[in-house]
Amino acid sequence: MVFDPRTLDNPRDVSAYRDQRYQGSLRDQEIALRTSTTLYVGNLSYFTKEDQVYELFGRAGDVRRVIMGLDRFKKTPCGFCFVEYYTREDAELALQNITNTRLDDRLVRADWDAGFIEGRQYGRGKHGGQVRDEYRKDFDPERGGWNRMISGRAERQ
């Protein structure tokens, strides 16, 4: 299927997610999302390995590569990854069938990504990990316990 950029009726009908640091216009990002073969996968355990992601997403099609998200400072996994497929059809199949699947006792979230660029594998939170984890208020042992702000306060007291 060939994408026609004139069919951009609703910019949010492909994905609600927008990379705030995307280098290009919103229209460029829309086109990239509609033609992408890359998925962003979130809510992974910090202990999930690349080969586990590869095996799960490989059930939907031919995976080109998996890029694990890393803590910007420690270079340890921080709960997300990018999965690139060779074809859009395989990526669509994965998005439809693997989103909300359990991996390491966690429901993984998948969404379209405009394409992996070197450097995006690092967490963007203040403490090097994911921003979402900094707002978490519950104890989650698979995501490293309490969020870093709560952990830091407890250590100082």
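Residues numbered from 1 in each chain as written. Predicted model: local features only at pLDDT ≥ 70, side-chain atom pairs only at ≥ 80, totals over all residues. Heavy atoms only, no water.

If you check an unreviewed UniProt entry, the protein chain appears there as Nuclear cap-binding protein subunit 2 from Caenorhabditis angaria. If you open the UniProt record of the protein chain and go to Subcellular location (unreviewed entry), you find "Nucleus". Annotation of the protein chain in UniProt includes, under Sequence similarities (unreviewed entry), the sentence "Belongs to the RRM NCBP2 family." (UniProt positions renumbered as here; feature names shortened; annotations may be inferred.)

Asker: Mind showing me how you'd approach the side chain of Ser-45 here?
Answerer: Looking at the secondary structure, you find Ser-45 in the loop between strand 1 (38–42) and helix 2 (50–57). The exposure class of Ser-45 is buried, given its relative accessible area of 2%. (Helix = DSSP H or I, 4+ residues; strand = E, 2+ residues; numbered from the N terminus. Buried < 20%, exposed > 50% of the residue type's maximum accessible area, 1.4 Å probe, protein only.)

Asker: Can you help me understand helix 3 (residues 88–98) in this one?
Answerer: Since the α-helix advances by 3.6 residues per turn, residues separated by three or four positions end up pointing in the same direction. What helix 3 keeps buried is the set Arg-88, Asp-90, Ala-91, Ala-94, Leu-95 and Ile-98. Down the axis of helix 3, the smallest arc covering the buried residues is 160°, so these residues share one side. Turned more than 90 degrees away from the buried face of helix 3 sit Gln-96 and Asn-97, all of them exposed. Contacts from the buried residues of helix 3 go to helix 1 (26–35), strand 1, helix 2, strand 3 (77–85) and strand 6 (109–113). Where helix 3 terminates, the next one or two residues include Asn-100, which has phi positive at roughly 70°. (Arc of directions from axis to C-beta. Contact = heavy atoms within 4.5 Å.)

Asker: When you look at the side chain of Asn-43 in this model, what are you seeing that I'm missing?
Answerer: One can find Asn-43 in the loop between strand 1 and helix 2. A polar contact is formed between the side chain of Asn-43 and the side chain of Arg-106, at a distance of 2.8 Å. Reaching out from Asn-43, the side chain makes a polar contact with the backbone oxygen of Leu-107 at a distance of 2.7 Å. (Polar contact = N/O pair within 3.5 Å; in protein donor to acceptor, adjacent residues only side chain to side chain.)

Asker: When you look at the environment of Asp-90 in this model, what are you seeing that I'm missing?
Answerer: Note that Asp-90 resides in helix 3. Once the C-alpha coordinates of Asp-90 and Thr-37 are considered, the two residues, 53 residues apart in sequence, prove to be 8.0 Å apart. In this view, Asp-90 contacts Ala-60, Gly-61, Asp-62 and Tyr-85; residues no more than four positions away in its chain are not counted. A polar atom in the side chain of Asp-90 sits 3.1 Å from the backbone nitrogen of Asp-62.

Asker: I tried to follow unusual backbone geometry on my own but got confused; where do I start?
Answerer: When glycine is set aside, most residues are seen to have a negative phi, and most peptide bonds are trans. One non-glycine residue, Asn-43, adopts positive backbone phi at about 65°. Positioned with a positive phi, Asp-105 is a non-glycine residue whose angle comes to about 60°. Looking at where Asp-105 falls in the secondary structure, it is placed in the loop between strand 4 (102–103) and strand 5 (106–107).

Asker: I tried to follow the pairing of strand 1 on my own but got confused; where do I start?
Answerer: In the case of a regular strand, side chains alternate between the two sheet surfaces. The buried fraction of strand 1 is high, at five of five residues. Residue alternation in strand 1 divides its side chains into two sets, Thr-38, Tyr-40 and Gly-42 and Leu-39 and Val-41, and both sets are buried. Where strand 1 and strand 3 come together, five bridges link them in antiparallel fashion. Within strand 3, the residue paired with Tyr-40 across the bridge is Phe-82. As defined by bridge partners, strand 1 adjoins strand 6 across five bridges and the pair is classed as antiparallel. What sits directly across from Tyr-40, in strand 6, is Asp-111. (Pairing = 2+ DSSP bridges.)

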